[in-house]
Amino acid sequence: FTGNIQIKNANTTVSDLGVAFDKINFLFEANNSDQFDITGSINSGNSQLAVNGNAGINQFKFPFILNVTGNNFLFYNTKDYEFYASPKLKFSYDRPTMTLSGALDIPKANISPQDFSSAVTLPSNVMVIENSSTDNLESMLNFYFDLDLTFGNDVYLNTSGITAKVGGNLKI
């Protein structure tokens, strides 16, 4: 396969996240091999995510690797939540394994839900059935994480009479 597909200066708004993504540019390019290369970028506010990687062609497994990097990228902006992220992430897939690795820094966030009425709970008529034998179950997809999540110096929680500065890191 040879050739390319380009997406130039696209934009979209994700109203549930409260953000508009603009200057979306991607290039998918195949050069006589069993894979195609992916390069691209997405803007939100005054920041940009960069994406690069490759994906297999002609393989039932459809393996891929995508690297996503950015700095202070606005990815959630509603009246209750505002999050900026600085990702250095790698997504990879080689059937049946999907892996997310790298670091996700949250340098700035304001978490101030008015209430928790939008919290999701299970209906009262849901029954949980336990199966003690998993011998016959085979996972269609295995997920693996090697992720460092770090909260920066500008992360605040303000809800239900609680005001706090949030910080620290979590290894997932």
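Just so it is clear, the model here is predicted, and its values are computed rather than measured.

The rules behind these values
Residues numbered from 1 in each chain as written. Predicted model: local features only at pLDDT ≥ 70, side-chain atom pairs only at ≥ 80, totals over all residues. Heavy atoms only, no water. Pairing = 2+ DSSP bridges. Helix = DSSP H or I, 4+ residues; strand = E, 2+ residues; numbered from the N terminus. Salt bridge = Lys/Arg side-chain N within 4 Å of Asp/Glu carboxyl O. Buried < 20%, exposed > 50% of the residue type's maximum accessible area, 1.4 Å probe, protein only. Core = buried A, V, L, I, M, F, W, Y, C linked by side-chain atoms within 4.5 Å. Contact = heavy atoms within 4.5 Å. Polar contact = N/O pair within 3.5 Å; in protein donor to acceptor, adjacent residues only side chain to side chain. Patch = residues over 30% accessible without salt bridge, like charges linked within 9 Å, V, L, I, M, F, W, Y side chains within 5 Å. Areas by Shrake-Rupley, 256 points an atom, 1.4 Å probe, with all protein chains shown as cover. pLDDT = per-residue confidence, 0-100. Phe/Tyr/Trp six-rings, centres within 6.5 Å; stacked < 30°, edge-to-face > 60°.

A word on the pairing of strand β9 (residues 142–159). Judged from the 14 bridges that link them, strand β8 (residues 97–111) and β9 form a sheet pairing that is parallel. Bridging from a neighbouring strand, K108 pairs with D154 of β9. Strand direction decides the pairing type here: β9 and strand β11 (residues 168–171), joined by four bridges, are antiparallel. From the neighbouring strand, F151 faces β11, where its bridge partner is G168.

Further remarks concern the pattern of salt bridges. Enumeration over the complete set of coordinates arrives at two salt bridges. The closest approach of N and O atoms between K171 and D146, which form a salt bridge, is 2.6 Å. Taken together, the residues span a long stretch of sequence, with K171 in strand β11 and D146 in strand β9 at a distance of 25 residues. The exposure class assigned to K171 is exposed, which follows from its relative accessible area of 53%. By sharing partners, the salt bridges in this structure join D146, D148 and K171 into a single network.

Another aspect to go through is the nonpolar core. Within soluble globular proteins, side chains that are nonpolar generally end up buried alongside one another. Ranked by internal contacts, the top residues of the largest apolar core, which has 16 residues, are F21, I24, F26, F36, I38, I42 and F73. For this core, the secondary-structure elements that each account for two or more residues are β2 (19–31), β3 (35–44), β4 (47–56) and β6 (73–77). Among the elements that take part in this core, β2 stands out by supplying five residues, more than any other. Residues within four places of I38 in sequence aside, it is in contact with F26, L27, F28, V51, N52, G53, N54, A55 and L66. Formed by seven residues, the second largest nonpolar core is a distinct cluster that contains I106, A109, I111 and V155.

Its place among the elements puts S86 in strand β7 (residues 81–94). With relative accessibility at 8%, the residue S86 sits in the buried group. A polar contact is formed between the side chain of S86 and the side chain of N71, at a distance of 3.2 Å. Engagement of the side chain of S86 in a polar contact is seen with the backbone nitrogen of N72, the distance being 2.9 Å. Not counting the four nearest positions on each side in its chain, S86 is found in contact with G70, N71, N72, A103, L104, D105 and P107.

Glancing now at a nonpolar patch on the surface. Taken together, F143, F145, L170 and I172 make up a surface patch of nonpolar side chains, about 410 Å² in accessible area. Tracing the sequence through the fold places F145 in strand β9.

Turning our attention to unusual backbone geometry. With an omega of 10°, the peptide bond between R95 and P96 qualifies as cis. Here P96 shows up in the loop between β7 and β8. The backbone phi angle of N72 is positive, close to 55°, even though this residue is not glycine. Along the chain, N72 turns up in the loop between β5 (64–70) and β6.

With that out of the way, let us pick up the confidence of the model for the protein. Averaged over every residue, the pLDDT of the protein is 88; the share at 70 or more is 88%. Across the protein, β5 holds the top mean pLDDT of 96, while strand β10 (residues 162–165) sits lowest at 91.

Bringing the packing of aromatic side chains into the picture now. The geometry of an aromatic ring pair is captured by the separation of the ring centres together with the interplanar angle, meaning the angle of the planes. Evaluation of the coordinates by the stated rule reveals seven aromatic pairs. On the numbers, 5.9 Å between centres and 0° between planes, the contact of F21 with F73 is stacked. Placement of F21 in strand β2 and of F73 in strand β6 is noted, with a sequence separation of 52 residues between them. For the pair F21 and F73, one class covers both residues: buried. Here the aromatic rings of Y76 and Y81 are separated by 6.0 Å at their centres, their planes lie at 85°, and the arrangement is edge-to-face. Put simply, the rings of F75, Y76, Y81 and F83 pair up and form one aromatic cluster.

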